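As a plain string of letters, each chain reads:
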Amino acid sequence: MFYLTTAIDYTNGAPHIGHAYEKVLADVIARYRRLRGDEVYFLTGVDQHGQKVQQTAEKEGIHPATFAKKKTKLFLNLWKKLGVQYDGWAETTDDRHKACVQAILSDLKERGELYKKAYKGHYSVRQEQFLTDRDRNEAGEFGPEWGEVVEIEEENWYFRLSAHAEWLKNYVSSNPDFVIPGFRRNELLGALANSAELDLCISRPKERLRWGIEFPFDPDFVTYVWFDALINYISFAGYRAKDDAGLPDFAKLWPDKGPVHIIGKDILVPAHGIYWPCMLHAMGFRDDQMPQILVHGWWNRSGEKMSKSLGNVVDPDELADKFGVDALRYYLVRDIVTGKDADFDLDRLVMLYNQELANELGNLCNRALNMTGRYCAGIVSTGGPANADDHALRDSLKTVTAEYRAAMDAFDIAEALKAINRHVTVCNAYAERNKPWELAKDPAHKGRLDSVLAHLVESLAHCAVLLSPVLPEPAERIAAQLRMDTLMELRLDDLQWGLVPDGHETGKPKPVFPKIVTEEA
Ligand code: MSP
């Protein structure tokens, strides 16, 4: 079983392009793993608790639950619109999740992993955490990134994070694949080397924060939002769930090997790289059950971090309406290297879609089907002898398929798409060289004409399958025009030359990628 999760998005605002990227990336990976033949379970959802939700709801004068529900709908609608197909949906206000968090708290207390103590210190309202002197900037102040900082003294529950610090250091050092890509793992190693091994405050007194999961053994406290949120990865996987809870079988989803968590670079240290493995370790998870963390970079605008305060947020919902879901999905995974940051550039979105999809792949689709229809009554004849040029085309497809596979296995979607595009370009050049429109003029060239068209149609069928994780709907439209309904049921290993049988009748071409015409054009 391939169990895949994304971060769960805060419901204190509307979904933005960064949220959309992460979910589309996860969707592409999930669909690819199915194509590879894996059984996949893809979990995503929303993070509904915490101070920010409570504060924003208060400003609007509504209950945090009503507010979180309202925002949650925006996420649900967007994932539907963008074709993000998940198997499990995590909402942290779900009673089943609350019960799991409470069971874990009780369990950890029994294991001696929790204690209560009074603490006086500086607290960042924005980041919802206590600060230490190490969080001060060079001027000795708490910088603007912490927002409002207040001094408070209060009793709270603590998790003995420090008791697991040595274990974590060893674990991360001896497991190079725990965090990918490698340079993100180095960031974690760096953070661990400098860590002061403090314990983690995991409660908030109710007088300060009501909007959270109540401590089962101390009802004056609610759970710190990160402690609550991280547990979604196991609560919605059926950990400690009742049989009739409608959740997956935990032992099946998380047998020994843990899941792949897809997250952004901002939440690796400390949440996913430190708190989470230590929490799992404290719960009794073995080293071989630890998850793997795939860290992606950020979509920025002109090198700046996108944020509401900078006023440069690109609304994915509007973008999908304006340019189409296909162009948006394609751009989100085509113009960024997994792990690194990229600049969100609408001109490039339009250019890459028009050039690589509308012009190149659209052209291959149109000309292969159009000419097979016009010159051969739609019938593909594969029997003719193959010449050197045909063999070169087959070799290109073989190479490209292997490159695609290697790139996808390494979560490098952009490289995989470039591989498909290389073959499409090879096909279009092959068509230009072999000129089926000329061959069709002389019946003596019928054998050659058949062969050229068969090679183009066969290539198109392969490309549709390879493209399907990124663009499932266009891939289906190509399969329908090829009249190969079962094409979308094929696995990666089925992609051998000869998918289109001799005598197969293809359908009529209809534009799969209508060109985007911009206002300026
Ligand atoms: N609620 C926490 C995650 C809890 S996971 C147990 C959170 N939420 S978030 O809404 O702020 O961010 C959700 C995800 O979106 C994170 O993985 C974050 O890195 C990602 N992104 C937020 N802005 C982004 C970009 N501009 N670009 C790419 N991804 C970014 O953190």
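Residues numbered from 1 in each chain as written. Predicted model: local features only at pLDDT ≥ 70, side-chain atom pairs only at ≥ 80, totals over all residues. Heavy atoms only, no water.

### Brief notes about the pattern of salt bridges
So, point 1. Going through the model one piece at a time under the given rule, you end up with 36 salt bridges.
So, point 2. Note that D218 and K116 form a salt bridge whose closest N and O atoms lie 2.7 Å from each other. Linking D218 in strand β12 (residues 218-223) with K116 in strand β5 (residues 114-124), this pair joins segments that are 102 residues apart in sequence.
So, point 3. Exposure remark for K116: the relative accessible area of 34% places this residue in the partly exposed category.
So, point 4. A salt bridge links K265 to D341; its shortest N-O distance comes to 2.6 Å. With K265 in the loop between β13 (260-264) and α10 (268-283) and D341 in the loop between α12 (325-334) and β16 (342-343), this pair connects stretches of sequence that are 76 residues apart.
So, point 5. The exposure class of K265 is partly exposed, given its relative accessible area of 27%.
So, point 6. Accessibility expressed as a relative area gives 32% for D341, which makes it partly exposed.
So, point 7. Within the structure, one salt-bridge network assembled from shared partners comprises R33, R36, D38 and D409. (Salt bridge = Lys/Arg side-chain N within 4 Å of Asp/Glu carboxyl O. Helix = DSSP H or I, 4+ residues; strand = E, 2+ residues; numbered from the N terminus. Buried < 20%, exposed > 50% of the residue type's maximum accessible area, 1.4 Å probe, protein only.)

### Quick notes on unusual backbone geometry
So, point 1. Of the consecutive residues I180 and P181, the connecting peptide bond is found in the cis state with omega at -5 degrees.
So, point 2. Its place among the elements puts P181 in the loop between β8 (179-180) and α6 (182-193).
So, point 3. In this model, V269 is joined to P270 through a cis peptide bond whose omega is 5 degrees.
So, point 4. For P270, the position within the fold is in helix α10.
So, point 5. Even without being a glycine, F411 presents a positive backbone phi close to 60 degrees.
So, point 6. Tracing the backbone through its elements, the reader meets F411 in the loop between α14 (388-409) and α15 (413-434).
So, point 7. Positioned with a positive phi, K435 is a non-glycine residue whose angle comes to about 45 degrees.
So, point 8. By the secondary structure assignment, K435 is in the loop between α15 and α16 (436-439).

Purely geometric stuff here, so don't read any function into it on its own.
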